[in-house]
Amino acid sequence: MKNEREVLEVYLVLLSCKLFIKTGRSRKFGGISVLLAKEKVCQKERENQERARLMEMAIEEISTRDPGVLQEIIRIHQLKQNIATAGTQRSSNNEPFKLICPMCRTVEIQGSDVRNIMGKYFVPVDRALFDGLKIKCKTHAPEPMDGLEFVGEIFCNGDTEPGKKCGHKLGIMIKYGSVPYLSIKADKFGFLFGNMTIPKIFKRWKQAQEKLYIAELTKDDIKRYIQLTDEDFAGLHESDEETSSSDDE
């Protein structure tokens, strides 16, 4: 009875109204929805309609692109964005820091030795991690992605106590330009700034970069990392180009 009474009350109200405005929108194809509003609201609605039209055009154009070409366009756009913001990040986020394994606290990486590859992979360019056997790698079959290869997982090889190793997972081993790197994960390390004794934890590198600046990997970094002369380095890249050409054939 209550619902019937409510319906009757609404009906009686409608009978006394000269103008009735119903809120909602047309869901039927080709239907018309009339918006009664002030000019400011109407202008915003027109802008929303234009955005929707442009989005439909963009989706239509993208759907005709070759997936490989589209991925390359996205990669180039991301690189341009990284370059455009690098100067600002360098000036505002340059606080010295170091990374430390939170489990054993014996394996450290100086922040000045960390570089980024494509803004996504963060790698130390300090040979001491290899030479001092501070890192252990468990390799697997190469998995290509983003123009590089995932070739294994990396673990901390620091001492927790005499005769025992840490074993804490630190990231993945990648191959970039035929050179292996340790791609370390932000949430697997503790970050120490200045005289801090308690490490700060970041879930992602993007979050960490709000406080610090990490430069992009350069040719000089690669030469120092793999300990090559300029002549050896040039020969290495010539070999890469020849391999790439033979693959294309």
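Up top is the structure these notes are about.
Residues numbered from 1 in each chain as written. Predicted model: local features only at pLDDT ≥ 70, side-chain atom pairs only at ≥ 80, totals over all residues. Heavy atoms only, no water.

> How would you explain the pattern of salt bridges if you had to name every residue and give the values?
Using the criterion set out here, one finds 10 salt bridges in the structure. In this structure, R53 and E50 form a salt bridge, with 2.6 Å as the shortest nitrogen-oxygen distance. On the criterion of helical spacing, the pair formed by R53 and E50 is a turn pair, its members being three residues apart in helix 2 (residues 39–62). The partly exposed category is assigned to E50, whose relative accessible area is 35%. Linking R224 and D113 is a salt bridge whose minimum nitrogen-to-oxygen distance equals 3.9 Å. With a gap of 111 residues between them, R224 in helix 6 (residues 219–226) and D113 in the loop between strand 2 (108–110) and strand 3 (114–117) connect regions that are remote in the sequence. (Salt bridge = Lys/Arg side-chain N within 4 Å of Asp/Glu carboxyl O. Helix = DSSP H or I, 4+ residues; strand = E, 2+ residues; numbered from the N terminus. Buried < 20%, exposed > 50% of the residue type's maximum accessible area, 1.4 Å probe, protein only.)

> Please provide a residue-by-residue account of the nonpolar core, values included.
Judged by nonpolar contacts, the single largest core of 27 residues is most densely connected at L99, F191 and W205. Elements with a contribution of two residues or more to this core: strand 1 (97–100), strand 6 (148–156), strand 9 (169–176), strand 10 (179–184), strand 11 (190–193) and helix 5 (205–208). The element that contributes the greatest number of residues to this core is strand 6, accounting for three residues. The contacts of W205, once residues within four sequence positions are left out, are L99, V114, F122, I184, K185, A186, F191 and I214. (Core = buried A, V, L, I, M, F, W, Y, C linked by side-chain atoms within 4.5 Å. Contact = heavy atoms within 4.5 Å.)

> Give me the lowdown on the packing of aromatic side chains, citing residues and values where you can.
Using the criterion set out here, one finds eight aromatic pairs in the structure. When the ring of F191 is compared with that of F202, the centres are 4.9 Å apart and the planes differ by 90°; the resulting orientation is edge-to-face. Remark: F202 occurs in the loop between strand 11 and helix 5 and F191 occurs in strand 11; sequence separation between them is 11 residues. The side chain of K211 reaches across the aromatic face of F193, ending 5.0 Å from its centre. (Phe/Tyr/Trp six-rings, centres within 6.5 Å; stacked < 30°, edge-to-face > 60°. Lys NZ or Arg CZ within 6 Å of the ring centre and 35° of its normal.)

> An account of the sheet that holds strand 10 is requested, with residue identities and associated values reported.
Taken in spatial order, the four strands of this open sheet run 5-6-9-10, and their pairing is antiparallel. Each edge of the sheet is formed by a strand with only one pairing partner; in this case those strands are strand 5 (135–145) and strand 10. Averaged over all pairs of adjacent strands, the angle between their axes in this sheet comes to 25°, without regard to strand direction. Examined bridge by bridge, strand 5 and strand 6 share eight bridges and lie antiparallel to one another. (Pairing = 2+ DSSP bridges. Axes fitted to C-alpha atoms, helices over the stretch in contact; angles between N-to-C directions.)

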